[in-house]
Protein chains: 2
Amino acid sequence: MLTACNKEEGTSGTTGRELQHIIMSEVMGRLVIQQCLSASLKLPGADGKDPEHVDIGRGMVVFVCFLDKASEETVEKLTKHIINIRLCEDDSGRRVSICDIQGDILIIPQATLGGKLKGKAMQYHMNVDKTLGEALYHRLCQGVRTAIEAVSSGNVKCGVYGARQILSTDTNGPYTHIVEV
Amino acid sequence: MLTACNKEEGTSGTTGRELQHIIMSEVMGRLVIQQCLSASLKLPGADGKDPEHVDIGRGMVVFVCFLDKASEETVEKLTKHIINIRLCEDDSGRRVSICDIQGDILIIPQATLGGKLKGKAMQYHMNVDKTLGEALYHRLCQGVRTAIEAVSSGNVKCGVYGARQILSTDTNGPYTHIVEV
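Attention in this report is confined to the structure presented alongside it. Note that the structure is predicted; figures quoted are calculated from it, not measured. (Residues numbered from 1 in each chain as written. Chains lettered and ligands numbered in written order. Predicted model: local features only at pLDDT ≥ 70, side-chain atom pairs only at ≥ 80, totals over all residues. Heavy atoms only, no water.)

A few points about the overall build of chain A
Then comes step 1: A count of helices and strands for chain A gives four helices and 12 strands.
Then comes step 2: Each of the 181 residues in chain A was classed as buried or not, and the buried ones make up 52%.
Then comes step 3: Considering only intrachain contacts with a sequence separation of at least 6, the fraction spanning at least 24 residues in chain A is 73%.
Then comes step 4: Surface summary for chain A: the accessible area is close to 8,200 Å², and the carbon and sulfur share equals 49%. (Helix = DSSP H or I, 4+ residues; strand = E, 2+ residues; numbered from the N terminus. Buried < 20%, exposed > 50% of the residue type's maximum accessible area, 1.4 Å probe, protein only. Contact = heavy atoms within 4.5 Å. Areas by Shrake-Rupley, 256 points an atom, 1.4 Å probe, with all protein chains shown as cover.)

Side note on unusual backbone geometry
Residue and element names in this part refer to chain A.
Then comes step 1: The backbone phi angle of Gln102 is positive, close to 50°, even though this residue is not glycine.
Then comes step 2: Structurally, Gln102 is set in the loop between strand E6 (95-96) and strand E7 (104-109).
Then comes step 3: With relative accessibility at 38%, the residue Gln102 sits in the partly exposed group.

Here's the deal with helix H4 (residues 130-151) of chain A
All names here are of chain A.
Then comes step 1: Here H4 spans 32 Å end to end across 22 residues, near enough to the 32 Å set by a 1.5 Å rise per residue.
Then comes step 2: Along H4, the positions that sit buried rather than exposed are Gly133, Leu136, Tyr137, Leu140, Cys141, Val144 and Ile148. Buried positions in H4, seen along its axis, are confined to an arc of 140° and lie on one side of it. Away from the buried face of H4 by more than 90 degrees, exposed residues Thr131, Thr146, Glu149 and Ala150 are located. (Expected span 1.5 Å × (residues − 1). Arc of directions from axis to C-beta.)

A look at the nonpolar core
Then comes step 1: With 36 residues, the main nonpolar core has Leu106(A), Leu106(B) and Leu167(B) as its most contacted residues.
Then comes step 2: Residues contacting Leu106(B), with those up to four places away along its chain left out, are Ala39(B), Leu41(B), Val54(B), Ile56(B), Met60(B), Val61(B), Val62(B), Lys157(B), Cys158(B) and Leu167(B). (Core = buried A, V, L, I, M, F, W, Y, C linked by side-chain atoms within 4.5 Å.)

Some details on the packing of helix H3 (residues 72-84) of chain A against H4(A)
All names here are of chain A.
Then comes step 1: It is the contact of H3 with H4, at a shortest axis distance of 9 Å, that shows an interaxial angle of 40°. As summarised for this structure, H3 and H4 are arranged oblique, according to the angle between their axes. Of the two possible hands of crossing, H3 and H4 adopt the one that is right-handed. Residues Glu72, Val75, Leu78, Thr79, Ile82 and Ile83 of H3 form the contact with H4, whose participating residues are Leu136, Arg139, Leu140, Gly143, Val144, Ala147 and Ile148.
Then comes step 2: Among the residues forming the contact of H3 with H4, the class breakdown is nine nonpolar, two polar and two charged. (Axes fitted to C-alpha atoms, helices over the stretch in contact; angles between N-to-C directions. Parallel < 35°, antiparallel > 145°, perpendicular 65-115°, else oblique. Left-handed = near helix turned anticlockwise from the far one by under 90°. Nonpolar A, V, L, I, M, F, W, Y, C, P; charged D, E, K, R; others polar.)

Quick look at the packing of aromatic side chains
Residues and elements named next belong to chain A.
Then comes step 1: Using the criterion set out here, one finds two aromatic pairs over all chains in the structure.
Then comes step 2: Where Tyr137 meets Tyr161, the ring centres are 6.0 Å apart and the plane angle is 45°; that geometry is what we call tilted. You can see Tyr137 sitting in helix H4 and its partner Tyr161 sitting in the loop between strand E10 (156-158) and strand E11 (166-170), a full 24 residues away along the chain.
Then comes step 3: By relative accessible area, Tyr137 is classed as buried at 1%.
Then comes step 4: Using a relative accessible area of 18% as the deciding quantity, one classes Tyr161 as buried.
Then comes step 5: Positioned over the ring face of Tyr175 is Arg95, at 4.4 Å from the centre of the ring. (Phe/Tyr/Trp six-rings, centres within 6.5 Å; stacked < 30°, edge-to-face > 60°. Lys NZ or Arg CZ within 6 Å of the ring centre and 35° of its normal.)

Examining the sheet that holds strand E12 (residues 177-180) of chain A
Residue and element names in this part refer to chain A.
Then comes step 1: The strand order across the open sheet built from five strands is E10-E7-E4-E1-E12, with neighbouring strands paired in mixed fashion. Taken across any chain shown, the strands that pair with only one partner, and hence form the sheet edges, are E10 and E12. Going from strand to strand, the sheet's axes swing by 20° on average, the running direction of each strand aside.
Then comes step 2: For strand E4 (residues 59-66) and E7, the ladder comprises six bridges, and the chain directions are parallel. Pairing of Val61 across the sheet is with Leu106, part of E7.
Then comes step 3: In the packing of H3 onto the sheet, the strands contacted are strand E1 (29-36), E4, E7 and E12, and the crossing angle to E4 comes to about 165°. (Pairing = 2+ DSSP bridges.)

Considering the sheet that holds strand E1 (residues 29-36) of chain B
Residues and elements named next belong to chain B.
Then comes step 1: In spatial order, the strands read E10-E7-E4-E1-E12; together these five strands make up an open sheet with mixed pairing. At either margin of the open sheet sits one strand with a lone partner, and together these are strand E10 (156-158) and strand E12 (177-180). Direction aside, neighbouring strands of the sheet carry axes that sit 20° apart on average.
Then comes step 2: Two elements, E1 and strand E4 (residues 59-66), share eight bridges in a ladder whose sense is antiparallel. If you follow Gly29 over to E4, its bridge partner there is Phe66.
Then comes step 3: Of the strands in this sheet, E1, E4, strand E7 (104-109) and E12 touch helix H3 (residues 72-84), which is tilted by about 165° from E4.

Considering H3(B)
Then comes step 1: Across its 13 residues, H3(B) extends 18 Å between first and last C-alpha, which sits within 8% of the 18 Å expected from 1.5 Å per residue.
Then comes step 2: Buried within H3(B) are the following residues: Thr74(B), Val75(B), Leu78(B), Thr79(B), His81(B), Ile82(B) and Ile83(B).
Then comes step 3: Close packing links the buried residues of H3(B) with strand E8 (116-118) of chain A together with E1, E4, E7, helix H4 (130-151) and E12 of chain B.

Quick word on the pattern of salt bridges
Then comes step 1: According to the stated counting rule, one finds 10 salt bridges over all chains in the structure shown.
Then comes step 2: Glu73(A) is paired through a salt bridge with Lys77(A); the nearest N and O atoms lie 3.6 Å apart. Note that Glu73(A) and Lys77(A) are positioned in helix H3 at a spacing of four residues, about one turn of the helix.
Then comes step 3: Between Arg30(B) and Glu180(B) there is a salt bridge, with its nearest N and O atoms 2.6 Å apart. Taken as a pair, Arg30(B) in strand E1 and Glu180(B) in strand E12 lie far apart in primary sequence, 150 residues in all. (Salt bridge = Lys/Arg side-chain N within 4 Å of Asp/Glu carboxyl O.)

Next up, the structure:
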């Protein structure tokens, strides 16, 4: 159906907003990936205890959001991309994977990435429901950790689903990238 | 043409990747917006001088990328969204605009946002050419600054187009959002 939905018809018959809705209904998982020299995430303390921090060194901060058709397959695809994507710089300036630089990964749940602008406000109707989203987030963290530990000395750290993510980062060029599956 | 390109046909006749290509060819400007308590961007020093820093306090870090059909109209739309979008929290936790909290804005050029994953690498074929991109970036900074100065005591700071953006941020929940026009 690509021919019935090509660029020209997209411009004349379908507005950018409509097309955006169509593609968003096809997207099941969305990542924003930023390179970092270090990052620190403050986690809410359990049972009234003091907040904890999870810290990483050189590597990537990965913000993740699952949309409403997300499944185990989405987790598998995202895991593969996080492990393999060549966004890190090695000492000679070449773009390599996070494993190649033995870098750390901080995976932060970020439901706001599923937002869609309507007027002046963002709406989040396309996000996965909270229970499934939390399960998929834990599966993603587990999958990435297992894959990294098998081949790299890098650390994989995670946030807390549904909590406010208080983050400090230090970058050497954030190189912000969006990846959708 | 929306009926010829609906969700069902999108799923069966058009792959997610093809749809992604279609929608990306309709996107002219892309923002990633993150709330911050403070942010500091190190700029390369001119003529071998020491690097300079631009700093902002509470407000938003806005990463921007122009794609290959971007124009003055794109700049106008993005300017309007940056000024009006209700992503900032006021003291009562309500989402309001950056003007409502008299917040600062740091606008960072980020060509990597135009990247499209192919295999394990990102490709940037859809980005605007560098000369036009730089001109549009300056227009955006100027437009946002003029609009903010008219109604708010907030500061608007900018990066350097084409330079490596070395950034430190401190957030109280980064609330990462993507906005496309």
